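Below, each chain spelled out in residue letters.
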Amino acid sequence: MRMHRRAALAAVALLSAVSLAACGGSASTPTTEASDAASSGAAAEQVSGEINVFAAASLKKAYEDIGAAFQEANPDATVNFEFLGSQELLSNLSEGSAADVLATADTDIMDSAVSQGLVGDPQEFATNTLSIIVPEGNPAGITGFDDSLNAEGVNLVICDPESHVPCGTATKKMEETTGVTLANPASKETKVSDVRSKVESGEADAGIVYVTDAATAKGTEEITIPDLGVVNHYPIATTSSSKNEAGGKAFVDFVLSDKGQEILQNTYKFGAPADSAAATKPAMEKSTEATESAESGKSN
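The model shown is predicted, which means the values in this text are computed figures rather than measured ones. (Residues numbered from 1 in each chain as written. Predicted model: local features only at pLDDT ≥ 70, side-chain atom pairs only at ≥ 80, totals over all residues. Heavy atoms only, no water.)

*Asks:* Mind showing me how you'd approach the pairing of strand β8 (residues 206-210) here?
*Replies:* Consecutive residues of a regular strand have side chains that alternate between opposite faces of the sheet. Burial analysis of β8 places five of its five residues in the buried class, the great majority of the element. Where strand β5 (residues 130-135) lies against β8, four bridges are found, and the strand directions are antiparallel. Counted as the bridge partner of Ser 131 is Val 209 from β8. Sheet analysis places strand β6 (residues 156-159) next to β8, joined by two bridges and oriented parallel. Directly across from Leu 156, in β8, lies its bridge partner Ala 206. (Buried < 20%, exposed > 50% of the residue type's maximum accessible area, 1.4 Å probe, protein only. Helix = DSSP H or I, 4+ residues; strand = E, 2+ residues; numbered from the N terminus. Pairing = 2+ DSSP bridges.)

This is the structure:
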């Protein structure tokens, strides 16, 4: 009996020690399961309710996939998207449109949102660079960001630099960097997705878009060009007027997570955030290939 009592007391003491050690460990160091969940984009606690996300038009397909993955991890949440030009999103937000998250295609517009007190602290989640798409077969014989875009009879579509949409601002910077002025575009759009659509439908002979648009465009060919330092940085932030702060923050965290970054970079060819070790790798790879091709063409 005494031996049994001692054994029982020893077992209780051992269990108490293990419990205390476990409690002490969890306060200072996250468990392996918790670390794995955080890196995969799964929230520690699921969120619920509607989450309204204002996102740049160039993010449409990638964010729809991210939204689906987010809702799978948070089945009680519903993500609603508004995809427009970044400048239009800012205008709508400043006029009182409801949103929990803002994601823009450049830092200038996000900086304006910050200065107006419309959003919290932004975080960069992706980068992007320009490319050219043409209908299959390249009937107009476009060779790059060069005078072939100004050739007689070429219907060129670009984003409107005067409307301050990020793709238009990037196009203007590329003109300045290359010294090639796009003399007479057939149309200037306020969304890069509209540029892509006009080339896909055959209305245009060429369109200046992002590399991410070129990767998903249908019935087109890509004419790669060096980025020449013209890189758009994409920031994301929760809004100051959010009606679902927990949901908005969870969505931002998901975009920044390994799962969100995998969708952006591996599936849709966005570059990594600038502070990442793999920053702009997909774009840089395309840029290097385009540069080598251009040099080869000159030698021939």
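Picking up after the structure, the text goes on.
*Asks:* Where do I start with the sheet that holds strand β3 (residues 101-103) in this structure?
*Replies:* What holds strands together in a sheet is hydrogen bonding between their backbones, with the strands either parallel or antiparallel. Strand order across the open sheet formed by five strands is β2-β1-β3-β10-β4, with mixed pairing between neighbours. The sheet terminates laterally at β2 (77-84) and β4 (123-128), the two strands that pair on one side only. Each neighbouring strand pair of the sheet contributes to a mean axis angle of 20°, computed without reference to strand direction. One ladder, built from three bridges, connects strand β1 (residues 49-56) with β3; its direction is parallel. Bridging from a neighbouring strand, Ala 55 pairs with Ala 103 of β3. Where helix α4 (residues 86-94) meets the sheet, it contacts β1, β2 and β3, and its direction lies at approximately 135° from that of β1. (Axes fitted to C-alpha atoms, helices over the stretch in contact; angles between N-to-C directions. Contact = heavy atoms within 4.5 Å.)

*Asks:* So what exactly am I meant to see when it comes to empty space enclosed by the protein here?
*Replies:* Which parts of space are left empty comes out when a probe the size of a water molecule is rolled across the atoms. All chains considered together, the criterion is met by three cavities of 30 Å³ or more. The space that makes up the largest cavity amounts to roughly 110 Å³. As for the largest cavity, its lining consists of 13 residues, and the residues nearest its centre are Ser 58, Lys 61, Arg 196, Asp 213 and Thr 216. Listed by contribution, the elements that provide at least two residues to the lining of the largest cavity are α3 (60-73), α7 (192-200) and α8 (211-216). The residue inventory of the lining of the largest cavity, partitioned by class, reads five nonpolar, four polar and four charged. Counting only domains with at least three residues in the lining of the largest cavity, you end up with domain 1 (49-127 + 233-274) and domain 2 (129-224). A class-by-class count of the residues in the lining of the second largest cavity yields eight nonpolar, four polar and one charged. Here the lining of the second largest cavity spans two domains, since at least three of its residues come from each of domain 1 (49-127 + 233-274) and domain 2 (129-224). (1 Å grid on protein atoms, 1.4 Å probe; cavity = no way out; pocket = protein on both sides within 12 Å on 5 of 7 lines; lining within 4 Å. Points joined across faces, edges and corners; volume = space filled by probe spheres on them. Nonpolar A, V, L, I, M, F, W, Y, C, P; charged D, E, K, R; others polar. Domains from an automatic or database assignment.)

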